[in-house]
Amino acid sequence: MLHPYFQGSEPIGPELGKDRDFKACADLIWKLASKGRVGLDDPMFNPAKDPRISKFGCSRILMCVAEKDKCLFRALNYKKVMEKSGWNGRFEMFESKGERHVFFLFNTSSENACALRKRIGAFINPILSKA
């Protein structure tokens with residue numbers, strides 16, 4: 001997962017205070033994107049509410065996040081949910097220090113963007129990464 005944009009109906013962590021306005025904006029974007037057909041706790045937007053999360057169909061997850069991303073707290077919450085769900089897999093996280101949400105789209109050759117691509121490549125093909 002690359003800089004996931006998870007949210008949910010109930011505010012958590014910084015959404016209760018300093019990121020309250022961001023949460024309101026994220027909620028509005030989801031309502032527009034989903035055309036109002038699903039709520040804020042739809043598993044596509046709030047996977048923590050998915051009753052089948054323990055049956056996630058893979059054995060490994062790499063979640064890439066950015067230190068200054070306003071969605072970081074939700075990503076960390078997702079990691080906790082997966083670990084507590086009984087899912088039988090390995091969860092790895094890669095954090096880009098000093099960066100914001102999707103920074104790699106705007107500065108593709110930065111040191112952090114290159115490190116992120118290298119980490120994703122190593123996750124996809126762990127055999128070649130050790131060569």
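As the structure is a prediction and not an experimental result, all values here were calculated from the model. (Residues numbered from 1 in each chain as written. Predicted model: local features only at pLDDT ≥ 70, side-chain atom pairs only at ≥ 80, totals over all residues. Heavy atoms only, no water.)

Q: Pulling in residues and values, what's your account of the overall build of the protein?
A: Summing up its helical and strand segments, the protein has 4 helices and 2 strands in all. By its C-alpha atoms, the protein is 50 × 35 × 25 Å across when sized along the principal axes. Taking all 131 residues of the protein together, 35% fall into the buried category. Sequence separation of at least 24 residues holds for 68% of the intrachain contacts in the protein that already meet a minimum separation of 6. Within the structure as shown, the protein displays about 8,300 Å² of accessible surface, and the carbon and sulfur contribution to it stands at 58%. On the protein, the mean spot of the 23 positive side-chain charges and the mean spot of the 15 negative ones are 4 Å from each other. (Helix = DSSP H or I, 4+ residues; strand = E, 2+ residues; numbered from the N terminus. Buried < 20%, exposed > 50% of the residue type's maximum accessible area, 1.4 Å probe, protein only. Contact = heavy atoms within 4.5 Å. Areas by Shrake-Rupley, 256 points an atom, 1.4 Å probe, with all protein chains shown as cover. Lys, Arg positive; Asp, Glu negative; His and termini not counted. Charge placed at Lys NZ, Arg CZ, Asp CG, Glu CD.)

Q: Please set out the packing of aromatic side chains residue by residue, giving values where relevant.
A: Summed over all chains, the structure comprises 7 aromatic pairs. Between Tyr-5 and Phe-22, the aromatic rings sit 6.4 Å apart at their centres with planes inclined by 80 degrees, giving edge-to-face as the arrangement. Placement of Tyr-5 in the segment before helix H1 (20-33) and of Phe-22 in helix H1 is noted, with a sequence separation of 17 residues between them. Against the face of Phe-123 rests Arg-60, its NZ or CZ located 3.9 Å from the ring centre. (Phe/Tyr/Trp six-rings, centres within 6.5 Å; stacked < 30°, edge-to-face > 60°. Lys NZ or Arg CZ within 6 Å of the ring centre and 35° of its normal.)

Q: Before we move on, could you go through the environment of Gly-98 and cite the residues and values that matter?
A: Secondary-structure assignment places Gly-98 in the loop between strand S2 (90-96) and helix H3 (111-124). Relative accessible area serves as the criterion here: at 37%, Gly-98 is assigned to the partly exposed category. Spatially, the C-alpha atom of Gly-98 lies 31 Å from that of Phe-56, the residues being 42 residues apart in sequence.

Q: Tell me about the side chain of His-3, and name the residues and values.
A: Within the element layout of this structure, His-3 appears in the segment before H1. Polar contacts involving the side chain of His-3 include one to the main-chain amide nitrogen of Val-102, which spans 2.9 Å. Among residues more than four places away in sequence, those in contact with His-3 are Cys-64, Val-65, Ala-66, Asp-69, Arg-100, His-101, Val-102, Phe-103 and Phe-104. (Polar contact = N/O pair within 3.5 Å; in protein donor to acceptor, adjacent residues only side chain to side chain.)

Q: Tell me what's going on with the pattern of salt bridges, and back it up with residues and numbers.
A: Counted under the stated rule, the structure contains 8 salt bridges. Asp-50 is paired through a salt bridge with Arg-52; the nearest N and O atoms lie 3.7 Å apart. Where Glu-92 meets Arg-119, a salt bridge forms, and the shortest distance between an N and an O atom there is 2.1 Å. Here the residue Glu-92 occupies a position in strand S2, and Arg-119 occupies one in helix H3, the gap between them amounting to 27 residues. Shared partners join several salt bridges into a network, and the residues in it are Arg-90, Glu-92 and Arg-119. (Salt bridge = Lys/Arg side-chain N within 4 Å of Asp/Glu carboxyl O.)

Any functional reading would require information beyond the geometric quantities listed.
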